[in-house]
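Here is how the chains run, residue by residue.
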Amino acid sequence: MANRTPLYDRHIALGARMVDFGGWDMPQQYTSIKDEHLAVRKAAGLFDVSHMGRLNVVGEAASDFLNHVVTNDVAQLQPGHAQYNLMCNEAGGIIDDLVIYKSADTDFIVVVNASNREKDVAWLRKHLPRGVTMDDKTLDVSLIAFQGPRAEELLPSKTSDTRHLAYFGFTKGAIAGVDGFISRTGYTGEDGFELFVPSAHVGDVWDAILDHGRAQGVLPAGLGARDAARLEAALRLWGNDMDESINAYEAGLGWTVKLEKGDFIGREALAKVKETGPGRRMVGLSLQPGSITRHGSAVLRDGAKIGTVTSGTHSFFLGHPIALALVEGPSLRAGDTVSVDVRGRETPAEVTKLPFYRGSAHSATAPARN
Amino acid sequence: MAERRYSKTHEWVTVDGKTATVGISDFAQAQLGDVVFLDLPKPGRKLGKGEAFGVIESVKAASDLYAPVDGTVSAVNEKLTANPELVNSDPYGEGWILKVDLKGDLPADLMDEGAYKESAEAGGH
């Protein structure tokens, strides 16, 4: 049976359509993906993201350890800040993308994708040095995301002041009277928060946010809205836009790779890719209304296959379908036309600058450029 | 109002004289999620029962639409071009998809509401 988050009963009571996602029974949508997505863009949406893995990594050498297994420079990370990261294999392929939160010099929280949690834990354990401990806190601590341009003003009463929190900053604090962590991070392109709350009290926090915000347009939002929002913001999804056969530069995430920070797993391979240039590049595509292309569809130019769609959806906010695609060669530019397979037919698509939509987040494409 | 009959593939049919109206069931629209596009045949197209006549695209996936009856398309719901979400909001009313001039009788294997509900719940999607 699939795992359930502590909010499962609330999702059912809210009428959610549940789907399996990374081994978890999660809400796909409550009422309508469109309405939930537009709530995120215009007011705020509330997501249960407790399926994501949360690992506590603690010890004198915790920082050095993490720095050795990820691409970004953890040594530059200050307490109270989070950093977007890739964990790569020796070949530079992406094992997972994750966010590292530094609570104190020796105390870190690592948030990983649900579907990769067990694989990540095994990989990290394999490289874990003496004196560093790693605890999987996924079940003890729940994670909810409150995302949208009005998220800050719509936080419920008895919540700590968040106005001093910078993008990708986090702090200990109260949310609706419950002590937890408040992080100004997200996966929608909008401003907003990810809230770490003890599982025993997450239901109270969830209810308080919805009760307080409903009249202002806040909706509970499911994975469907989350996927649409992240794709408009061109935020990559592991398993769709990247995996172990795709390297950081190909995925357009070279900004997370700090070759100069010293040795780390995958560094040698990534240095070579940087020197020669990636063989494939991630591009954005815009299509005519109705022409939705999906993960795995071929991208063609002058009749020849040049790549593959990695994610595609209809953008309710922009009013037309959008897609990310991994294509060969460096020659495509914004405005160029390619063809994409849509239900077996070659359909024109225009290469589009990313992100498709820049929301209220300080930078829609690049969480934690530090 | 004529009684609504259902196919195993989640289309519904009502018949008025020799004209059948075809749509997709409430169960089907809920499974599909927000409909964003329909690729539909032109009037005059001959349909055989079980034939894929079009595609319905939701935000989640594209699905084929299957003819629940034999006949000739006499009209398509033009409103769905601009408002495909009518299939979600009113699947048995404003969200109808095709009108078909029936050839012969209604196929005997179409189900009534009770049988369809049982079959849909048992079979999922």
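Placed above this text is the structure.
Here is a short report on the structure shown in this document. A quick note: this is a predicted structure, and the numbers were derived from the prediction, not measured.

Thoughts on the overall build of chain A
Along its length, chain A carries seven helices and 19 strands. For chain A, the spread of C-alpha atoms along the three principal axes comes to 60 × 50 × 40 Å. Sequence separation of 24 or more characterises 67% of the internal contacts of chain A that already satisfy a separation of 6 or more.

Concerning the interface of chain A and chain B
Opposite the 11 residues of chain A that make contact, chain B presents nine residues. When residues of the side of chain A that touches chain B are traced back to their parent elements, those giving at least two are α2 (33-42), α6 (223-232) and β16 (304-315) of chain A. Looking at the side of chain A that touches chain B residue by residue, the class counts come to three nonpolar, six polar and two charged.

Brief notes about the sheet that holds strand β17 (residues 320-328) of chain A
Residue and element names in this part refer to chain A. Strand order in the closed barrel formed by six strands is β14-β17-β16-β15-β18-β19, with antiparallel pairing between adjacent strands. Put simply, the sheet's adjacent strands are angled 45 degrees from each other on average, direction ignored. Examined bridge by bridge, β16 and β17 share eight bridges and lie antiparallel to one another. Among the inter-strand pairings, T313 is bridged to a residue of β17, identified as I322. Contacts from α6 reach β16 and β17 within the one sheet, and its direction differs from that of β16 by about 125 degrees.

Considering α2 of chain A
By the criterion of burial, α2 of chain A is predominantly enclosed, with eight of the 10 residues buried. Buried-residue contacts for α2 of chain A involve β2 (24-29), β3 (45-48), β9 (141-147), β13 (219-220) and α6 of chain A.

Considerations on the sheet that holds strand β7 (residues 62-66) of chain B
Residues and elements named next belong to chain B. As summarised here, the arrangement of the three strands in space is β4-β6-β7, forming an open sheet in which the pairing is antiparallel. Either end of the sheet is taken by a strand with one partner, and the two such strands are β4 (35-39) and β7. On average, each strand axis in the sheet is tilted by 25 degrees relative to the strand beside it, whichever way the strands run.

Observations concerning the pairing of β2 of chain A
Working note: regular strand, side chains alternate between the two faces of the sheet. Residues and elements named next belong to chain A. Burial within β2 is extensive, with five of its six residues counted as buried. Both strand β1 (residues 17-21) and β2 contribute to a ladder of five bridges, which runs antiparallel. Across the sheet, the residue bridging to F21 is W24, located in β2. Adjacent in sequence and paired antiparallel, β1 and β2 are bridged by two residues, among which G22 carries a positive phi angle near 60 degrees.

Rules behind the numbers
Residues numbered from 1 in each chain as written. Chains lettered and ligands numbered in written order. Predicted model: local features only at pLDDT ≥ 70, side-chain atom pairs only at ≥ 80, totals over all residues. Helix = DSSP H or I, 4+ residues; strand = E, 2+ residues; numbered from the N terminus. Contact = placed C-beta atoms within 7 Å. Nonpolar A, V, L, I, M, F, W, Y, C, P; charged D, E, K, R; others polar. Pairing = 2+ DSSP bridges. Axes fitted to C-alpha atoms, helices over the stretch in contact; angles between N-to-C directions. Buried ≥ 20, exposed ≤ 12 C-beta atoms within 10 Å, placed from the backbone.

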